Amino acid sequence: MGMSRRKLDGGTVIIDKGRKRNIIKESSGKSRESGRFIMWMLFAVLSSIFAALTSILAKVGIEGVNSNLATAVRTVVVLIMAWGMVFLTGGQSGLSSIGKKSWIFLILSGLFKKAIISDYISLNFVDRVFDDPLLYSGFENLMGLYGYALQIYCDFSGYSDMAIGIALLLGFHFNKNFDSPYKSATITEFWRRWHISLSSWLKDYLYISLGGNRKGHLRTYLNLIVTMLLGGLWHGAAWRFVLWGGWHGASLAVHKWFMAHVPGCKAQGAGMPRWRRIIGIVVTFHVVCFGWIMFRASDLQTARNMLSQIFTDFKPELIPQVVSGYAAVMGLMAVGYLLHLMPVRSELWAQRTVTESPLPVKVVTIAVLVWAVMLIKSAEIQPFIYFQF
């Protein structure tokens with residue numbers, strides 16, 4: 001079976017067809033991989049040459065010699081790099097059909113979160129409010145706080161999405177690190193959705209090592225508080241980080257107490273009635289935002305000033321003026337929160353739409369996003385927030 005006989009001058013030779021097909025398949029696979037490697041190297045060299053040319057022409061443009069030429073070359077570079085990224089990964093092996101395509105969605109969504117939403121609202125509004133809260137009304141301070149909540153999420157999850165997408169591009173699979181944390185209906189659910197790698201490490205190596213929930217209720221509450229205090233100290237040796245960790249530890253302990261003593265109180269919102277889940281999401285979001293004040297403020301006095309402005313100098317009559325004056329910032333914040341809160345099925349639909357689109361559509365999508373980043377970027381490079389920890 002699978003054999004054939006072929007007569008030659010010296011006799012009859014038996015040929016294994018299956019083995020022959022495997023040998024041909026392996027050799028063709030190796031040749032494709034070699035060709036792809038050569039194409040990658042060629043793409044890298046050409047990209048470097050064009051990037052250097054763009055940099056030179058950009059400097060020339062700044063000096064006023066020929067800025068239009070610099071802009072035109074920069075556009076060509078973006079299109080070439082976008083086409084190369086999509087084309088060279090079209091036949092990548094070692095991944096599922098979904099896995100080898102979803103990298104483009106992850107990288108694009110991460111870039112959009114970080115370079116467009118996070119950086120823009122930070123430079124044009126959030127940083128100004130946190131630098132001196134007393135210069136702004138209570139409403140502006142509240143919007144600055146909501147802006148920072150969105151900024152830190154888009155910054156953290158943006159670099160995570162890009163890292164996961166680049167790993168898929170290279171044939172590796174990493175787990176999701178952020179799972180729409182502001183959809184959480186409880187503080188316990190928030191820490192199951194926020195920075196999953198960090199929260200898992202805190203749970204496995206601190207909370208469980210301290211005894212977890214195996215030594216009674218009081219010890220459980222203490223273990224939660226100590227774990228989060230240490231998590232706060234991990235971010236920096238400052239009282240504001242200690243208070244941030246203590247606030248989350250106390251919140252987790254209070255929620256654990258409610259689950260033990262209040263009927264119907266659950267760890268997550270999935271089993272809650274719709275109205276209770278909505279209330280839980282609003283309450284949990286503001287509990288987290290209160291912690292962000294301590295996390296972001298440069299010192300405790302700044303945190304006190306911000307809280308004082310929010311609760312004693314709100315000035316609702318200024319709301320229309322503030323919204324119109326910061327229209328672009330408020331618009332991006334609205335877009336960011338709407339995208340964050342949209343149902344999972346809508347996110348999956350968007351991912352399928354991007355990953356299954358034709359090659360020209362992917363190239364144009366990448367080029368448009370990169371061009372948008374280039375248009376709104378500031379003069380200074382904005383590092384990822386987490387790089388300071």
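Structure: see above.
Residues numbered from 1 in each chain as written. Predicted model: local features only at pLDDT ≥ 70, side-chain atom pairs only at ≥ 80, totals over all residues. Heavy atoms only, no water.

## Remarks on the layout of surface pockets
Alright, step 1. When its volume is computed, the largest pocket comes out at roughly 1400 Å³.
Alright, step 2. Taken together, 45 residues line the largest pocket, and the ones lying closest to its centre are Phe 105, Ser 180, Leu 339, Met 342 and Glu 347.
Alright, step 3. For the lining of the largest pocket, the secondary structure elements donating two or more residues are α3 (99-131), α4 (138-169), α9 (274-296), α12 (327-341), α13 (344-355) and α14 (359-376).
Alright, step 4. Per-element accounting of the lining of the largest pocket gives the leading share, nine residues, to α3.
Alright, step 5. Class assignment for the residues of the lining of the largest pocket results in 24 nonpolar, twelve polar and nine charged. (1 Å grid on protein atoms, 1.4 Å probe; cavity = no way out; pocket = protein on both sides within 12 Å on 5 of 7 lines; lining within 4 Å. Points joined across faces, edges and corners; volume = space filled by probe spheres on them. Helix = DSSP H or I, 4+ residues; strand = E, 2+ residues; numbered from the N terminus. Nonpolar A, V, L, I, M, F, W, Y, C, P; charged D, E, K, R; others polar.)

## Here's the deal with the packing of α4 against helix α10 (residues 300-312)
Alright, step 1. Relative to each other, α4 and α10 sit at 125°, their axes nearing to 7 Å. Classified by the interaxial angle, the pair formed by α4 and α10 is oblique. Crossing hand, α4 versus α10: left-handed. Every residue of α10 that contacts α4 at Gly 138, Asn 141 and Leu 142 is listed here: Met 306, Gln 309 and Ile 310.
Alright, step 2. Grouping the amino acids of the contact of α4 with α10 by side-chain chemistry returns three nonpolar, three polar and no charged. (Axes fitted to C-alpha atoms, helices over the stretch in contact; angles between N-to-C directions. Parallel < 35°, antiparallel > 145°, perpendicular 65-115°, else oblique. Left-handed = near helix turned anticlockwise from the far one by under 90°. Contact = heavy atoms within 4.5 Å.)

## Here we look at empty space enclosed by the protein
Alright, step 1. This structure, assessed with the given rule, holds one cavity of 30 Å³ or more.
Alright, step 2. There is about 40 Å³ of room inside the largest cavity.
Alright, step 3. Every residue lining the largest cavity is listed: Phe 156, Trp 191, Trp 194, His 195, Leu 198, His 235, Trp 244, Trp 292, Phe 295 and Tyr 386.
Alright, step 4. Residue composition of the lining of the largest cavity, by class: eight nonpolar, two polar and no charged.

## Focus: the nonpolar core
Alright, step 1. Membership of the largest hydrophobic core comes to 66 residues, with the highest contact counts inside it found for Phe 125, Tyr 146, Ile 152, Tyr 182, Trp 191, Trp 194 and Trp 292.
Alright, step 2. Looking at this core element by element, the count peaks at 15 residues for α4.
Alright, step 3. Apart from the residues within four sequence positions on either side, Trp 292 is in contact with Leu 145, Tyr 148, Ala 149, Ile 152, Tyr 182, Trp 194 and Trp 244. (Core = buried A, V, L, I, M, F, W, Y, C linked by side-chain atoms within 4.5 Å. Buried < 20%, exposed > 50% of the residue type's maximum accessible area, 1.4 Å probe, protein only.)

## Things to note about the packing of helix α6 (residues 196-207) against helix α7 (residues 217-235)
Alright, step 1. Close contact between α6 and α7 brings their axes to 10 Å; oriented N to C, the two are set at 125°. One way to sum up the angle between α6 and α7 is to call them oblique. The interaxial crossing formed by α6 with α7 has right-handed handedness. On α7, the residues that touch Leu 198, Leu 202, Leu 206 and Tyr 207 of α6 are Thr 220, Asn 223, Leu 224, Thr 227, Met 228, Leu 230, Gly 231 and His 235.
Alright, step 2. Among the residues making up the contact of α6 with α7, the classes are represented as seven nonpolar, five polar and no charged.

## Topic: the pattern of salt bridges
Alright, step 1. This structure, assessed with the given rule, holds eight salt bridges.
Alright, step 2. Measuring nitrogen to oxygen at the nearest pair gives 3.1 Å for the salt bridge that ties Asp 127 to Arg 296. One end of the pair, Asp 127, is in helix α3; the other, Arg 296, is in helix α9, with 169 residues separating them in the sequence.
Alright, step 3. Residue Arg 277 pairs with Glu 189 through a salt bridge whose shortest N-O separation is 3.8 Å. Note that Arg 277 is positioned in helix α9 and Glu 189 in helix α5 (residues 187-193), a separation of 88 residues in sequence.
Alright, step 4. Residue classification places Glu 189 among the buried residues on the basis of a relative accessible area of 2%.
Alright, step 5. If you follow the salt bridges from partner to partner, you end up with Lys 114, Asp 119 and Asp 155 in one network. (Salt bridge = Lys/Arg side-chain N within 4 Å of Asp/Glu carboxyl O.)

## Some points on the packing of aromatic side chains
Alright, step 1. Under the counting rule described, the total for this entry stands at 27 aromatic pairs.
Alright, step 2. Aromatic side chains Phe 190 and Trp 191 sit 5.7 Å apart centroid to centroid with 90° between the ring planes, which places their arrangement in the edge-to-face category. The same class applies to Phe 190 and to Trp 191, which are both buried. (Phe/Tyr/Trp six-rings, centres within 6.5 Å; stacked < 30°, edge-to-face > 60°.)

## Brief notes about the side chain of Arg 193
Alright, step 1. Inspection of the secondary structure assignment puts Arg 193 in helix α5.
Alright, step 2. In this structure the side chain of Arg 193 is engaged in a polar contact, spanning 3.0 Å, whose partner is the side chain of Glu 189.
Alright, step 3. Non-local contacts of Arg 193, meaning those with residues more than four positions away in its chain, are made with Asn 177, Phe 178, Asp 179, Ser 180, Pro 181, Lys 183, Ser 184 and Arg 277. (Polar contact = N/O pair within 3.5 Å; in protein donor to acceptor, adjacent residues only side chain to side chain.)

## Some points on the environment of Ile 278
Alright, step 1. Inspection of the secondary structure puts Ile 278 in helix α9.
Alright, step 2. Ile 278 sits in the partly exposed class, given a relative accessible area of 47%.
Alright, step 3. Sequence separation between Ile 278 and Ser 184 is 94 residues, and the spatial gap between their C-alpha atoms is 9.4 Å.

## Concerning α4
An α-helix turns once per 3.6 residues; consequently, residues spaced three or four apart project the same way.
Alright, step 1. The end-to-end C-alpha distance of α4 is 46 Å, a good match for the 46 Å that 32 residues give at a rise of 1.5 Å each.
Alright, step 2. Counted residue by residue, α4 has 29 buried out of 32 residues, so it is predominantly covered.
Alright, step 3. The first or second residue beyond α4 is Gly 171, which carries a positive phi of 95°. (Expected span 1.5 Å × (residues − 1).)

## Regarding a nonpolar patch on the surface
Alright, step 1. A surface patch of nonpolar side chains, amounting to about 440 Å² of accessible area, comprises Ile 166, Leu 170, Phe 172 and Phe 174.
Alright, step 2. As for its placement among the helices and strands, Phe 172 is situated in the loop between α4 and α5.
Alright, step 3. For Phe 172, a relative accessible area of 51% gives the class exposed. (Patch = residues over 30% accessible without salt bridge, like charges linked within 9 Å, V, L, I, M, F, W, Y side chains within 5 Å. Areas by Shrake-Rupley, 256 points an atom, 1.4 Å probe, with all protein chains shown as cover.)

## Quick word on unusual backbone geometry
Both trends apply: most residues other than glycine have a negative phi, and most peptide bonds are in trans.
Alright, step 1. Even without being glycine, Ser 180 reaches a positive phi, approximately 45°.
Alright, step 2. Although it is not a glycine, His 195 adopts a positive phi angle of roughly 40°.
Alright, step 3. Mapping His 195 onto the fold places it in the loop between α5 and α6.
Alright, step 4. In this structure His 195 comes out as buried when scored by relative accessible area, which is 5%.

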